[in-house]
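So you can see what is in the structure, the chains are spelled out below.
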Amino acid sequence: MYQALYRKWRPQTFADVIGQQHITDTLRAQLRSGRLSHAYLFTGTRGTGKTTCAKILARAVNCEHPVDGDPCNECAACRGILDGSVLDVTEIDAASNNGVDNIRDLRDETRYTPAQVKKRVFIIDEVHMLSIGAFNALLKTLEEPPEHVLFILATTELHKVPATILSRCQRFDFRRIGAEDIARRLLDVAVGEGIELTEGAARLIARLADGAMRDALSMLDRAAAAGAVDEQTVTAALGVMGQGDGIRLAGHLKTGDLAAAIALIDEYYNAGRDLAAVYDQMLGLIRDALLVKTSKTDVSALISPAYTVKSLQKLCDGLASSTLIAWSRVIGEALDRMRSAANRRVEAELCAVRLCSLGGEQYDTLSGRVEALEEKMKHGVPVAAMPAQTVRQADDTPPPPGDEDAPPPPDDGDAPLWAEQEATVRQSASAAKPAAAAAKAVAWPQWTQLLGMLTGKINTGAHTNLKVSAKGMLEDGVLVIQCEDSITAMLAKAEPTMKVIREQAAALAGAPIKVKVREAGDEPVIQKNAAVDEIIGRAKAFDIQIKEL
């Protein structure tokens with residue numbers, strides 16, 4: 001019968017335990033010196049070796065020929081405990097035996113001396129699942145057990161264990177196993193099992209295991225069902241993103257390419273991947289990118305093995321740390337909504353929309369947004385150039401529109417009535433044209449020069465926002481600074497920024513010039529001229545042709 005890899009490759013000695021040397025060294029020293037405690041409490045996250053160490057300790061205290069604190073696994077006691085024939089070593093699952101009666105039965109068993117080995121060992125797994133009554137029933141026995149009894153408690157949730165239990169046990173905290181240690185162990189297991197496992201796939205599984213050796217072996221077991229195991233096999237078998245997938249999605253979000261980002265999410269969805277897990281992996285990528293972006297020292301040992309420092313540095317070019325933090329906030333909020341969303345795919349796509357079009361409200365502070373804008377400018381993010389105002393030479397000026405279709409004026413005599421009415425229309429229209437032209441805003445050709453003159457003379461944040469999110473328009477002799485958002489408008493209006501802008505604009509124009517700041521959406525609405533409309537209506541009534549310019 002096939003046996004799962006995590007069971008088949010369970011460590012048999014303390015020397016085989018991965019990543020818990022601070023615990024195994026202490027236990028071996030106690031075994032060598034004979035200074036064993038009567039009760040141990042092993043705590044830590046799942047798959048880190050708590051139950052494994054408990055079973056090794058149970059054999060070590062009963063081994064007939066211990067080797068430097070390790071059990072020999074060859075004597076009758078060790079073999080009997082391994083195959084389960086020695087009843088003096090009992091493993092209890094507190095999740096299903098959590099009542100007072102179960103603990104009373106256990107307490108009664110402690111009275112009897114061991115029949116086959118030196119000590120009776122009780123391993124209580126997931127001890128935090130015991131009821132309050134069961135904990136209380138265990139207290140006295142745990143405090144002063146018979147000399148032939150050893151208790152080993154294991155839990156993943158230490159905060160649920162009463163302080164009265166903690167004070168009666170010798171506590172050992174199991175750490176998460178490092179990704180490099182897990183990857184090396186996976187490669188060793190693959191060699192022993194004849195599995196073709198690439199180093200990249202081992203690193204990817206180690207990262208996904210999140211410090212749990214058992215989880216890593218279970219993932220390898222699952223991926224190896226298809227044969228040779230590489231990164232593509234792991235991503236397909238486990239439904240997660242590969243090393244390049246996360247970088248590719250982040251690259252689309254960085255450039256604001258929403259269509260490509262949605263297409264990639266659709267690809268993940270059709271491949272059966274959990275979209276919440278996809279964004280959870282994106283949070284890990286953002287964490288690594290922040291380390292690379294903000295740290296002034298080598299952080300290669302701190303980032304995930306799935307990414308390289310070089311690839312993260314390339315991703316961070318043009319991305320401010322404040323933008324990465326804003327990304328993490330948007331993704332965190334989306335993950336909260338996805339837990340209860342009726343359609344997780346739609347929520348995932350909406351999250352991509354928010355990430356591709358970050359607004360000022362997504363940043364923690366104004367300085368964070370300014371930092372993001374400065375980072376974009378530093379790496380050559382294109383800014384739409386202002387159209388240059390062309391000035392026609394005097395000789396190139398086209399003649400005013402003619403009246404070729406109008407009937408010729410009479411040579412003599414009084415002008416007819418229709419001619420007088422047409423003249424009135426022409427005069428009114430010509431009077432209305434200057435007003436309309438004056439109200440029309442045109443790009444100020446000296447805006448770029450003004451931005452250059454403001455360098456170093458106004459606040460850096462205000463200057464950056466004006467470069468990226470504003471343009472200069474000339475409207476009826478007034479310089480109007482048209483801002484794309486409220487933050488840029490607020491910075492431009494602030495003193496002494498506005499005073500400096502007026503001074504530099506006047507120096508460019510050669511005369512004092514009025515300066516206004518306007519936010520997008522506040523453009524003035526041009527009112528219709530009722531008198532002109534009435535004249536045009538009367539002209540049409542007489543079938544007079546009107547040209548509107």
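Heads up: the structure comes first, above all this text.
Model, not experiment: these values are computed from the prediction.

Novice: Can you lay out the layout of surface pockets for me, pointing to particular residues and giving the numbers?
Specialist: Computed from the structure, the second largest pocket encloses a volume of approximately 700 Å³. If you go around the second largest pocket, you meet 26 residues; those closest to its centre are Ala 206, Arg 207, Leu 208, Asp 210 and Ser 304. Looking at the lining of the second largest pocket, the elements with two or more residues in it are helix 8 (179-193), helix 9 (199-209) and helix 14 (275-294). By residue number, the principal contributor to the lining of the second largest pocket is helix 14, which donates seven residues. Residues that form the lining of the second largest pocket fall into these classes: twelve nonpolar, six polar and eight charged.

Novice: Hey, could you go over the pattern of salt bridges for me, with residue numbers and the actual values?
Specialist: Where charged atoms from two side chains of opposite charge approach closely, those side chains can pair. For the coordinates displayed, the defined rule picks out 28 salt bridges. As a salt-bridge pair, Asp 68 and Arg 28 come within 3.3 Å of each other at their nearest N and O atoms. Placement of Asp 68 in the loop between helix 3 (50-62) and helix 4 (76-83) and of Arg 28 in helix 2 (residues 21-33) is noted, with a sequence separation of 40 residues between them. For Asp 68, a relative accessible area of 43% corresponds to the partly exposed category. Its relative accessible area of 17% is what places Arg 28 among the buried residues. One salt bridge connects Arg 28 with Asp 70, and the closest N-O pair in it is separated by 3.6 Å. Linking Arg 28 in helix 2 with Asp 70 in the loop between helix 3 and helix 4, this pair joins segments that are 42 residues apart in sequence. Note on Asp 70: relative accessible area 8%, which makes it buried. Residues participating in the shared-partner salt-bridge network are Arg 28, Arg 32, Asp 68 and Asp 70.

Novice: Report on the packing of helix 20 (residues 447-454) against helix 21 (residues 460-469), specifying residues and quantitative values.
Specialist: Across the interface, helix 20 lies against helix 21 with an axial gap of 10 Å and an inter-helix angle of 165 degrees. With respect to helix 21, the axis of helix 20 lies roughly antiparallel. Judged by the twist between their axes, the crossing of helix 20 over helix 21 is left-handed. Contacts from Trp 447, Leu 451 and Leu 454 of helix 20 reach helix 21 at His 463, Leu 466 and Lys 467. Partitioning the contact of helix 20 with helix 21 into residue classes produces four nonpolar, one polar and one charged.

Novice: Describe a nonpolar patch on the surface, with residues and values.
Specialist: A cluster of nonpolar residues, Leu 258, Val 346, Leu 350 and Val 353, forms a patch on the protein surface that exposes about 260 Å² of accessible area. At three residues, the largest contribution of residues to the nonpolar patch is made by helix 17 (residues 344-356). Residue placement: Val 346 occurs in helix 17. In this structure Val 346 comes out as partly exposed when scored by relative accessible area, which is 39%.

Novice: So what about the environment of Ile 92? Which residues, and what values?
Specialist: In this fold, Ile 92 is placed in strand 2 (residues 89-93). Classification of Ile 92 by relative accessible area gives buried; the value is 17%. It is 9.6 Å that separates the C-alpha atoms of Ile 92 and Leu 153, two residues lying 61 residues apart in sequence. Not counting the four nearest positions on each side in its chain, Ile 92 is found in contact with Asn 97, Leu 106, Phe 122, Ile 123, Ile 124 and Asp 125.

About the cut-offs
- Residues numbered from 1 in each chain as written.
- Predicted model: local features only at pLDDT ≥ 70, side-chain atom pairs only at ≥ 80, totals over all residues.
- Heavy atoms only, no water.
- 1 Å grid on protein atoms, 1.4 Å probe; cavity = no way out; pocket = protein on both sides within 12 Å on 5 of 7 lines; lining within 4 Å.
- Points joined across faces, edges and corners; volume = space filled by probe spheres on them.
- Helix = DSSP H or I, 4+ residues; strand = E, 2+ residues; numbered from the N terminus.
- Nonpolar A, V, L, I, M, F, W, Y, C, P; charged D, E, K, R; others polar.
- Salt bridge = Lys/Arg side-chain N within 4 Å of Asp/Glu carboxyl O.
- Buried < 20%, exposed > 50% of the residue type's maximum accessible area, 1.4 Å probe, protein only.
- Axes fitted to C-alpha atoms, helices over the stretch in contact; angles between N-to-C directions.
- Parallel < 35°, antiparallel > 145°, perpendicular 65-115°, else oblique.
- Left-handed = near helix turned anticlockwise from the far one by under 90°.
- Contact = heavy atoms within 4.5 Å.
- Patch = residues over 30% accessible without salt bridge, like charges linked within 9 Å, V, L, I, M, F, W, Y side chains within 5 Å.
- Areas by Shrake-Rupley, 256 points an atom, 1.4 Å probe, with all protein chains shown as cover.

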